[in-house]
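Commentary on secondary and tertiary structure
Spelled out from the first residue to the last, the chains are:
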Amino acid sequence: GENVEQHPSTLSVQEGDSAVIKCTYSDSASNYFPWYKQELGKGSQLIIDIRSNVGEKKDQRIAVTLNKTAKHFSLHITETQPEDSAVYFCAASTRSGSGNTGKLIFGQGTTLQVKP
Amino acid sequence: GAVVSQHPSRVICKSGTSVKIECRSLDFQATTMFWYRQFPKQSLMLMATSNEGSKATYEQGVEKDKFLINHASLTLSTLTVTSAHPEDSSFYICSARVRDRAMGEAFFGQGTRLTVV
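Now for a look at the structure at hand. These figures come from a predicted structure and were not determined experimentally.

1. Quick word on the overall build of chain B
- Of regular secondary structure, chain B possesses 0 helices and 11 strands.
- Helices and strands appear in chain B in the N-to-C order β-β-β-β-β-β-β-β-β-β-β.
- Taking 2.2 N^0.38 as the reference for a compact globule, 117 residues should give roughly 13 Å; the C-alpha atoms of chain B span a radius of gyration of 13 Å, in line with that estimate.
- Looking at chain B residue by residue over its 117 residues, the buried ones come to 52%.

2. Some thoughts on the sheet that holds strand 8 (residues 76-81) of chain B
All names here are of chain B.
- Judged by pairing direction, the sheet is antiparallel, and its 4 strands sit side by side in the order 1-3-8-7 without closing on themselves. At either margin of the open sheet sits one strand with a lone partner, and together these are strand 1 (4-7) and strand 7 (67-73). On average, each strand axis in the sheet is inclined to that of its neighbour by 15°, with strand direction left out of account.
- Across 4 bridges, the pairing between strand 1 and strand 3 (residues 19-25) is antiparallel. Its bridge partner lying in strand 3, Val4 is registered against Ser25.

3. A look at the sheet that holds strand 6 (residues 56-59) of chain A
All names here are of chain A.
- With respect to topology, 5 strands assemble into an open sheet ordered 1-3-8-7-6, the strand pairing being antiparallel. Both edges of this open sheet fall to strand 1 (4-7) and strand 6, since each of them pairs with a single strand only. Put simply, the sheet's adjacent strands are angled 15° from each other on average, direction ignored.
- Pairing between strand 7 (residues 62-67) and strand 8 (residues 72-77): 6 bridges, direction antiparallel. When the sheet's bridge partners are listed, Thr65 is paired in strand 8 with Ser74.

4. Notes on the pattern of salt bridges
Residue and element names in this part refer to chain A.
- Under the counting rule described, the total for this entry stands at 5 salt bridges over all chains.
- Here Arg51 ties to Asp49 by a salt bridge, and the two come within 3.9 Å at their closest N and O atoms.
- A network of salt bridges, in which partner residues are shared, links Asp49, Arg51 and Lys57.

5. Side note on the side chain of Ser74 of chain A
- Considering the arrangement of structural elements, one finds Ser74 of chain A in strand 8.
- When neighbours within four sequence positions are excluded, Ser74 of chain A is seen to be in contact with Val20, Ile21, Lys22, Trp35, Ala63, Val64 and Thr65 of chain A.

6. Describing the packing of aromatic side chains
- Evaluated as defined, the whole model comprises 13 aromatic pairs over all chains.
- Relative to Phe33 of chain A, the ring of Tyr25 of chain A has its centre 4.7 Å away and its plane inclined at 45°; by these criteria the two rings are tilted.
- Residue classification places Tyr25 of chain A among the buried residues on the basis of a relative accessible area of 6%.
- Residue Phe33 of chain A is classed as buried on the basis of its relative accessible area of 0%.
- Pairwise contacts between aromatic rings join Tyr36, Phe89 and Phe106 of chain A together with Phe34, Tyr36 and Phe108 of chain B into one cluster.

7. A few points about unusual backbone geometry
- Look at the link from His7 of chain A to Pro8 of chain A: it is a cis peptide, with omega at -5°.
- Along the polypeptide, Pro8 of chain A turns up in the loop between strand 1 and strand 2 (10-14).
- Not every positive phi belongs to a glycine, and Glu79 of chain A is a case in point at roughly 45°.
- As for its position among the elements, Glu79 of chain A is in the loop between strand 8 and strand 9 (86-93).
- When its relative accessible area of 53% is taken as the criterion, Glu79 of chain A is described as exposed.
- Unlike most non-glycine residues, Ser83 of chain B shows phi in positive territory, near 45°.

8. Let's talk about the state of the cysteines
- Applying the stated criterion across every chain, the model contains 2 disulfides over all chains.
- Here Cys23 of chain A engages in a disulfide with Cys90 of chain A; their sulfurs sit 1.9 Å apart. Across the disulfide from Cys23 of chain A to Cys90 of chain A, rotation about the S-S bond amounts to roughly -100°, and the bridge is consequently left-handed. Of the two residues, Cys23 of chain A sits in strand 3 (residues 19-25) while Cys90 of chain A sits in strand 9, which places them 67 residues apart along the sequence. Of the two residues examined, Cys23 of chain A and Cys90 of chain A, each falls in the buried class.
- Disulfide pairing places Cys23 of chain B opposite Cys94 of chain B at an S-S distance of 2.0 Å.

9. Some remarks on the environment of Val54 of chain A
- Mapped onto the elements, Val54 of chain A comes out in the loop between strand 5 (44-51) and strand 6.
- Placed 32 residues apart in sequence, Val54 of chain A and Ala86 of chain A show a C-alpha to C-alpha distance of 27 Å.

Rules behind the numbers
- Residues numbered from 1 in each chain as written.
- Chains lettered and ligands numbered in written order.
- Predicted model: local features only at pLDDT ≥ 70, side-chain atom pairs only at ≥ 80, totals over all residues.
- Heavy atoms only, no water.
- Helix = DSSP H or I, 4+ residues; strand = E, 2+ residues; numbered from the N terminus.
- Rg over C-alpha atoms; globule rule 2.2 N^0.38 Å.
- Buried < 20%, exposed > 50% of the residue type's maximum accessible area, 1.4 Å probe, protein only.
- Pairing = 2+ DSSP bridges.
- Axes fitted to C-alpha atoms, helices over the stretch in contact; angles between N-to-C directions.
- Salt bridge = Lys/Arg side-chain N within 4 Å of Asp/Glu carboxyl O.
- Contact = heavy atoms within 4.5 Å.
- Phe/Tyr/Trp six-rings, centres within 6.5 Å; stacked < 30°, edge-to-face > 60°.
- Disulfide = S-S within 2.5 Å.

If you want it as structure tokens, here you go:
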């Protein structure tokens, strides 16, 4: 089955610097890669996603890149702010049959701390 | 946007009792709902996948008789933790995939923190 590895487990940056979190996946059939942000005591919130037919996607300060050949994808946060501090999870999913019922397999999570 | 409501957000129960957690998609129909469990400082681990009107598919190591999942409609799935024990204390999160959206993303509920005493 699919296995997703996420690094680093913790990341501390100064406000204004960039943060990069990397994930690798094992199943070459995976075709959907979302990133979630989880604040303390709250559920996970989708912040950006990418599908296997594109290599990069950007949304304001957040970008995600995908390298299908190497089977890895990364989250890039630029101009970090203290409110970006949270736990970030990557995930990978495959389509099941003809429907969109593929389950998400999560990475281990990265605790990002942005120091003011 | 797509909203998933999970209830209750916190519950404390005594050992041996059962607890039901509800997951509702408020403004969309969910083909599939997923139930995850998260221990402190760990990632979300998939427990089971439920499709409306059919039996849930459980991940290896998850006891289906202990974690009962019912997906009676396209907007509601429930997880019942039966005969709860302290080791069942955890953060449970549901997510729902939007129906008819190609490779649709999953939207997550707020989570339920279960404490068994």
